[in-house]
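Okay, here's what each chain looks like letter by letter:
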Amino acid sequence: MSTQTCRECRRATSEPVAVALEHVASGPGHILYLCPVCQFALGLVPLDEHPADSLGFPLYVDGNPETERQWGTASPPRQGPAAAP
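These figures come from a predicted structure and were not determined experimentally. (Residues numbered from 1 in each chain as written. Predicted model: local features only at pLDDT ≥ 70, side-chain atom pairs only at ≥ 80, totals over all residues. Heavy atoms only, no water.)

**Some details on the overall build of the chain**
Thought 1: Looking only at helices and strands, the chain has one helix and four strands in total.
Thought 2: Counting only residues that meet the buried cut, the chain has 26% of its 85 residues in that class.
Thought 3: Pairs at least 24 residues apart make up 40% of the contacts formed inside the chain by residues separated by at least 6 positions.
Thought 4: For the chain, the exposed surface amounts to about 6,100 Å²; the carbon and sulfur share of it is 56%. (Helix = DSSP H or I, 4+ residues; strand = E, 2+ residues; numbered from the N terminus. Buried < 20%, exposed > 50% of the residue type's maximum accessible area, 1.4 Å probe, protein only. Contact = heavy atoms within 4.5 Å. Areas by Shrake-Rupley, 256 points an atom, 1.4 Å probe, with all protein chains shown as cover.)

Structure representation (structure tokens):
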């Protein structure tokens, strides 16, 4: 497995978790990778566990409370999953 940079904490991880497809209007999109800690902290379902008819948008674990991040109103990325907002 290759090393990827976590989109949330910006650290390199050798255990990247694909959680969504980043859709881009001007061309092909990209796979959004998170480290396992950020994936768990944000409550995102791994991409390989999405339903077969999924378009690749972020999918949150059932029962996870709605957050500002889900609606795109969160502040800029923090310097780590445990950092204070």
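Structure's up, so let's keep going.
**Structural notes on unusual backbone geometry**
Thought 1: Backbone geometry places Arg10, a non-glycine residue, at a positive phi of 65°.
Thought 2: Tracing the backbone shows Arg10 in the loop between strand 1 (4–5) and strand 2 (12–13).

**Observations concerning the confidence of the model for the chain**
Thought 1: Taken over all residues, the pLDDT of the chain has a mean of 79, while the share at 70 or more is 72%.
Thought 2: Taking the mean pLDDT of every element in the chain, the minimum, 90, falls on helix 1 (residues 36–42) and the maximum, 94, on strand 2. (pLDDT = per-residue confidence, 0-100.)

**Here's the deal with the pattern of salt bridges**
Thought 1: Across all of its chains, the model carries one salt bridge by this definition.
Thought 2: The closest approach of N and O atoms between Arg7 and Glu22, which form a salt bridge, is 3.1 Å. Taken together, the residues span a long stretch of sequence, with Arg7 in the loop between strand 1 and strand 2 and Glu22 in strand 3 (residues 17–22) at a distance of 15 residues.
Thought 3: The class for Glu22 is partly exposed, based on a relative accessible area of 30%. (Salt bridge = Lys/Arg side-chain N within 4 Å of Asp/Glu carboxyl O.)

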